[in-house]
Amino acid sequence: MRRLVFTFFGTFNVQVGDEPITGFRSDKERALLAYLALEAQKPLTRRLLATILWSEMSDQGALDNLRKTLYRLRMTLDAAEKGSSDYLLTVTRQSIQFNQPNAFVDVHVFQTQLDASYTHTHGQLHDCATCLARLDEATALYRGELLAGLGIADAPAFEEWLLLRREQLQQCLCYTPFRMRNGDLPIVEAVPCACPYCATARVSYLLGAYKKLRFSF
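Residues numbered from 1 in each chain as written. Predicted model: local features only at pLDDT ≥ 70, side-chain atom pairs only at ≥ 80, totals over all residues. Heavy atoms only, no water.

Regarding the sheet that holds strand 4 (residues 44-45)
Strand order in this open sheet of three strands is 4-6-5, and the pairing throughout is antiparallel. Two strands bound the open sheet, and with one partner strand each, they are strand 4 and strand 5 (89-91). Two strands pair when backbone bridges link them, and strand 4 and strand 6 (residues 95-98) are joined in this way by two bridges, in the antiparallel orientation. Its bridge partner being in strand 6, threonine 45 is matched across the sheet by serine 95. (Pairing = 2+ DSSP bridges. Helix = DSSP H or I, 4+ residues; strand = E, 2+ residues; numbered from the N terminus.)

Let's talk about the nonpolar core
Residues Phe6, Phe8, Phe98 and Phe158 are the most contacted members of the largest nonpolar core, which totals 53 residues. With eight residues, helix 1 (residues 27-38) is the largest single contributor of residues to this core. Excluding anything up to four places from it in sequence, phenylalanine 98 contacts Phe6, Leu33, Leu36, Ala37, Ala40, Leu88, Leu89, Ala103 and Val105. (Core = buried A, V, L, I, M, F, W, Y, C linked by side-chain atoms within 4.5 Å. Buried < 20%, exposed > 50% of the residue type's maximum accessible area, 1.4 Å probe, protein only. Contact = heavy atoms within 4.5 Å.)

Overview of the sheet that holds strand 2 (residues 13-16)
Read from one edge of the open sheet, four strands run 3-2-1-7, paired in mixed fashion. What marks the edges here is a single partner per strand, and that holds for strand 3 (19-20) and strand 7 (104-105). Inspection of the sheet shows strand 2 paired to strand 3 by two bridges, in the antiparallel sense. Bridge assignment links glutamine 15 to a residue of strand 3, and that residue is proline 20.

What follows is the structure in structure tokens.
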């Protein structure tokens, strides 16, 4: 099985080895895969997934659409790499779970590296080579807002979840340059505006601040 790589910072991208998977038929298919990959801590019930993506339909209609979308998703994955859908997804009649250890997901690595730097015992953060390497890797992965350009107009529950996850990840990024400047005390600036222009400018500023501080010690 070739390496499966999921890039969700910036635009949605899935690769098998160095080859991008381009056969996704709809944004609902992409959204389903992204939601499964980013909420991989436990099995997700089919009813929950149906509600997230088809909340404006009847329960049975939503479950039918989930079943069809899941079938197309598995076909897309298997067309790119035979057997990859079974490798990535544990599917039962009641639930679906993304098998996180079987793939590289940039968001998970970002969070893992930041968490490791938070919990590592050291004196000053800027004197800890191990944690600086972790922060370097995490900030390098942040290529833009989560799932940029992916919007599901008829799935308000998914849109609300996506907005929340974007804000959470941006807050994680906010901690990084201020931890460099102020030790390990997280200090987060107020976020007055969430429009795409301001969000992009803020991310660029934070990444720039991290790089400037990173090499000033």
